Structure formats: C-alpha cells, structure tokens
Amino acid sequence: MADPMRIRAQQKGDVTEVRVLMAHIMETGQRKDSAGNIVPAHHIQTVTATWNGKPVLSANFGPAVSQNPVMNFTFKGGAKGEKVIVTWTDNKGDTRTDEAVIS
Amino acid sequence: MNIKRRQTIKAGSSLALVAAAISAGVLPTSAFADWNKAAFEAKNMADVLKALGGASAEKSADIVITAPDIAENGAVVPVAVASKIAGTQSISILVEKNPSSLAAEFDILPGTEPNVGTRVKMGQSSNVHAVVKAGGKYYVATKEIKVTLGGCGG
C-alpha cells in the first residue's frame, strides 16, 4: 500500500474546503530509463471523495497530472468534526483510502 | 536533469490517520464512473471532446482558469478552474501540446462547487483548455502557459 494522503478539510462559512495531497509517482509511460526502455505508466486514475457517506467529488486523472498530485475543491455543507473520506485507485489496481476530520 | 528523482514527499506520518483509514476500509469507488480510456488517450481537443461525448465546445467567458503565465517547471504547473455556468456537471483540464491532451477530469456532483484545482505536467509551452460540461453542452476557455523547463519525459 502506498503512502498515506494528506487531507485538510476546513469549514469556511457554509462551505467546506478540502485539499488533498496524494503520494504517487505518476509515471507517464513516456519516459525512458537509462537503458532506453520505456518506463511503464503508473498513475492514479480515479479519485473519489465522500462526506458523511455522500459522494462530493469524483475525478479522473491522466498521466499528465503531476507527481504527488494535489487536488482542491469545495462543497456546500459540512460541520466541524464530520469526516471527509478520499480514495484513489491507480492503473495497477492499487488503492488507498484516507480520511480527515473537518476543522 | 531528471525531475522524477525528486524524493517522494514524506507524506503524513500520523499513525492515527493510518489506523483510522484501515478501520474504515470502505471503498465506494464502484459507484462512480469508470476511467475513460479513450478520452485520456486522445491526442487533441476534438478527439477528447468526442470521447467525452460532446461534438463541439462553445467559448465561454464564465470559465476562469487560474494558472501562471510562465511556469518555470513544467512538471508542476498549478491550474485551477472555476466555472460560473449554472448546472456545471464536469470540468476537464486539457493541455494542448502534451502527448495526450486530457490531464484530469472532475465530475462536479450536486452540492459541490464548480471550482477545482490541481497540478499538471506540461511538455512545452502550450494552450491549456478548461472544458466545462453544463446541461449537456460543452464550454471551453483557454489560457496560454509558457514553460521554461518541460515536464514530460527526459
């Protein structure tokens, strides 16, 4: 399993701002190693976020998203102490789920 | 210069977070749309639009792209897109001159604000398009970003 994500969820008025930092190499499949072999693509494909069990965002990433992807978004609602859960899945079937408490 | 050598950020050492994630153990991914392979392999904007299910995109001034005019490092170009179009369903970020144009696609669900940000790689200076789907129609806004150091491949 990959390294944990850093998730920050902050309540601002009637919206909640979420920032996620995922730890992933995001290999494009374009790059060659020193022997001239293509380094196979390895990147996050889908990211989903739920709040109180309700989906708030789903994103699809291509290999052109930077290494250790950052994502930020806001949703209406959310109260201090409630949980935001973020899950990503990469093209090798690896997946990781982390959660954060809204502050 | 090999930017990929950058050490993986020592993300979150919080053990509590890890334990909580394991105990939660729920993967709600199946409820969401599958990764659109055709769209992510498309080479230009017209093909991406086709793969996403649209034919053409209308230019719109209601889409705001927040990104630097000049990016020093093409491997990490922060791009944020905000849409003021009512009923925005999805926001896609396209980099015109990358090997595959589509970088990321965000599905905006009800209750979520049409305002997302991420960081993308850019192989060279290029136009960056933000495509917004709203009410079955597609809208696009474009911003040119100059890159002084490419971020795709070696």
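## Side note on the overall build of chain A
Piece 1. Each helix and strand counted, chain A has zero helices and seven strands in total.
Piece 2. Order of helices (α) and strands (β) in chain A, N terminus to C terminus: β-β-β-β-β-β-β.
Piece 3. For chain A, the residues scored as buried account for 57% of the 103 residues in total.
Piece 4. For chain A, the proportion of contacts with a sequence separation of at least 24, taken over those separated by at least 6, is 55%.
Piece 5. Accessible surface for chain A amounts to roughly 4100 Å². Of this, 49% is attributable to carbon and sulfur atoms.

## Here's the deal with the sheet that holds strand β4 (residues 77-83) of chain B
Piece 1. With respect to topology, six strands assemble into an open sheet ordered β1(A)-β2(A)-β5(A)-β7(B)-β4(B)-β2(B), the strand pairing being antiparallel. In this open sheet, the two edge strands, each paired with only one partner strand, are β1 (6-12) of chain A together with β2 (63-66) of chain B. Pairwise comparison of adjacent strand axes, ignoring direction, gives a mean angle of 15° for this sheet.
Piece 2. Pairing of β1 of chain A with strand β2 (residues 15-21) of chain A, which is carried by seven bridges, proceeds in the antiparallel orientation. Along β2 of chain A, the bridge assignment pairs Q10 of chain A with E17 of chain A.

## Brief notes about the environment of L21 of chain A
Piece 1. Note on placement: L21 of chain A falls in strand β2.
Piece 2. The sequence separation of L21 of chain A and P69 of chain A amounts to 48 residues, and the corresponding C-alpha distance is 5.9 Å.

## With respect to the environment of V65 of chain A
Piece 1. When you line up the elements, V65 of chain A lands in the loop between β4 (54-61) and β5 (70-76).
Piece 2. The spacing of V65 of chain A and M26 of chain A is 39 residues in sequence and 7.1 Å in space, taken between C-alpha atoms.
Piece 3. The residues touching V65 of chain A, leaving out its near neighbours within four places in the chain, are M26 of chain A together with A103, A104, T118, R119, V120 and K121 of chain B.

## A closer look at unusual backbone geometry
All names here are of chain A.
Piece 1. Notably, M26 is not glycine yet its phi reads approximately 50°, a positive angle.
Piece 2. Within the element layout of this structure, M26 appears in the loop between β2 and β3 (44-51).
Piece 3. Its relative accessible area of 0% is what places M26 among the buried residues.
Piece 4. We note that N52 has phi near 55°; this positive angle belongs to a residue other than glycine.
Piece 5. Secondary-structure assignment places N52 in the loop between β3 and β4.

## Some details on the pattern of salt bridges
Close approach of charged atoms allows side chains of opposite charge to pair.
Piece 1. The final tally for this structure, using the stated rule, is seven salt bridges over all chains.
Piece 2. Taking the shortest distance from any N to any O, the salt bridge between R31 of chain A and E27 of chain A comes out at 2.8 Å. Neither R31 of chain A nor E27 of chain A differs from the other in exposure class; each is buried.
Piece 3. The closest approach of N and O atoms between K137 of chain B and E58 of chain B, which form a salt bridge, is 3.4 Å. Of this pair, K137 of chain B sits in strand β9 (residues 137-147) while E58 of chain B sits in strand β1 (residues 57-59); the two residues are 79 residues apart in sequence, bridging distant segments of the chain.
Piece 4. Its relative accessible area of 41% is what places E58 of chain B among the partly exposed residues.

## Let's talk about the pairing of strand β7 (residues 95-101) of chain A
Within a regular strand, side chains alternate between the sheet's two faces.
All names here are of chain A.
Piece 1. β7 sits mainly inside the fold: five of its seven residues count as buried.
Piece 2. Looking at chain direction, strand β6 (residues 83-90) and β7 are connected through seven bridges and run antiparallel. Bridge pairing links T89 to T95 in β7.
Piece 3. The hairpin formed by β6 and β7 contains four residues between the paired strands, and G93 there has a positive phi angle of roughly 85°.

Reading guide: rules and limits
Residues numbered from 1 in each chain as written. Chains lettered and ligands numbered in written order. Predicted model: local features only at pLDDT ≥ 70, side-chain atom pairs only at ≥ 80, totals over all residues. Heavy atoms only, no water. Helix = DSSP H or I, 4+ residues; strand = E, 2+ residues; numbered from the N terminus. Buried < 20%, exposed > 50% of the residue type's maximum accessible area, 1.4 Å probe, protein only. Contact = heavy atoms within 4.5 Å. Areas by Shrake-Rupley, 256 points an atom, 1.4 Å probe, with all protein chains shown as cover. Pairing = 2+ DSSP bridges. Axes fitted to C-alpha atoms, helices over the stretch in contact; angles between N-to-C directions. Salt bridge = Lys/Arg side-chain N within 4 Å of Asp/Glu carboxyl O.

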